[in-house]
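One-letter residues, chain by chain:
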Amino acid sequence: MSRPAAILKIGLFSFAVWACTLLLYFVGVAMAAAGLQRASTGAASWAVVILLVLEAAAACLAIAFVFIRSRAYFETTGRVAWTIGFALLQFGACAVAALTTLFA
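Residues numbered from 1 in each chain as written. Predicted model: local features only at pLDDT ≥ 70, side-chain atom pairs only at ≥ 80, totals over all residues. Heavy atoms only, no water.

## With respect to the overall build of the protein
- Each helix and strand in the protein was counted, giving three helices and zero strands.
- Element order for the protein, N to C, with α for helix and β for strand: α-α-α.
- The C-alpha extent of the protein, read off along each of the three principal axes, is 55 × 20 × 15 Å.
- Across the 104 residues in the protein, those meeting the buried criterion constitute 28%.
- For the protein, the exposed surface amounts to about 6,600 Å²; the carbon and sulfur share of it is 77%. (Helix = DSSP H or I, 4+ residues; strand = E, 2+ residues; numbered from the N terminus. Buried < 20%, exposed > 50% of the residue type's maximum accessible area, 1.4 Å probe, protein only. Areas by Shrake-Rupley, 256 points an atom, 1.4 Å probe, with all protein chains shown as cover.)

Structure (structure tokens):
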């Protein structure tokens, strides 16, 4: 596979993983907001903590998945650079979802 085609393929794959986790984040936020409208403050705070932990776990799993799948497309240095870029994007999205969770 040529270099541009490989970069396009892993780029589309990384975007798909990122979009799926972003969808998971905001579906979780919407479900938590709808389900906890009438809950007590203690129950709501525990639910928010659990949701934040699940969001961070989903981000870590997505980063590990992209790191493992990028083995076929990049050498070590390119693979690490690609994964670091994806990790920054992923943790940025996780931070936005966390802030949305805390202020929703």
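## Observations regarding a nonpolar patch on the surface
- Taken together, the side chains of Phe67, Ile68, Val80, Ile84 and Leu88 define a hydrophobic patch exposed on the protein surface, amounting to about 460 Å² of accessible area.
- Considering every element that reaches the nonpolar patch, the biggest residue donor is helix α3 (residues 76–103), with three residues.
- Here Leu88 shows up in helix α3. (Patch = residues over 30% accessible without salt bridge, like charges linked within 9 Å, V, L, I, M, F, W, Y side chains within 5 Å. Salt bridge = Lys/Arg side-chain N within 4 Å of Asp/Glu carboxyl O.)

## Some words on the packing of helix α2 (residues 41–69) against α3
- Interhelical geometry of α2 versus α3 gives an angle of 165° and a closest axis separation of 9 Å. Here α2 lies roughly antiparallel to α3, going by the angle between them. Our pair here, α2 against α3, has a crossing hand that is right-handed. Between α2 and α3, the residues in contact are Val48, Leu51, Leu52, Glu55, Ala56, Ala59, Cys60, Ala62, Ile63, Val66, Phe67 and Ile68 and Arg79, Trp82, Thr83, Phe86, Ala87, Gln90, Phe91, Cys94, Ala97, Ala98, Thr101 and Leu102, respectively. (Axes fitted to C-alpha atoms, helices over the stretch in contact; angles between N-to-C directions. Parallel < 35°, antiparallel > 145°, perpendicular 65-115°, else oblique. Left-handed = near helix turned anticlockwise from the far one by under 90°. Contact = heavy atoms within 4.5 Å.)

## A look at α3
- Taking 1.5 Å of rise per residue, the 28 residues of α3 would be expected to cover 40 Å, and the 40 Å separating its terminal C-alpha atoms lies within 8% of that figure.
- Every buried residue of α3 is listed here: Arg79, Thr83, Phe86, Ala87, Gln90, Ala93, Cys94, Ala97, Ala98 and Thr101.
- Elements that come into contact with the buried residues of α3 comprise α1 (3–35) and α2. (Expected span 1.5 Å × (residues − 1).)

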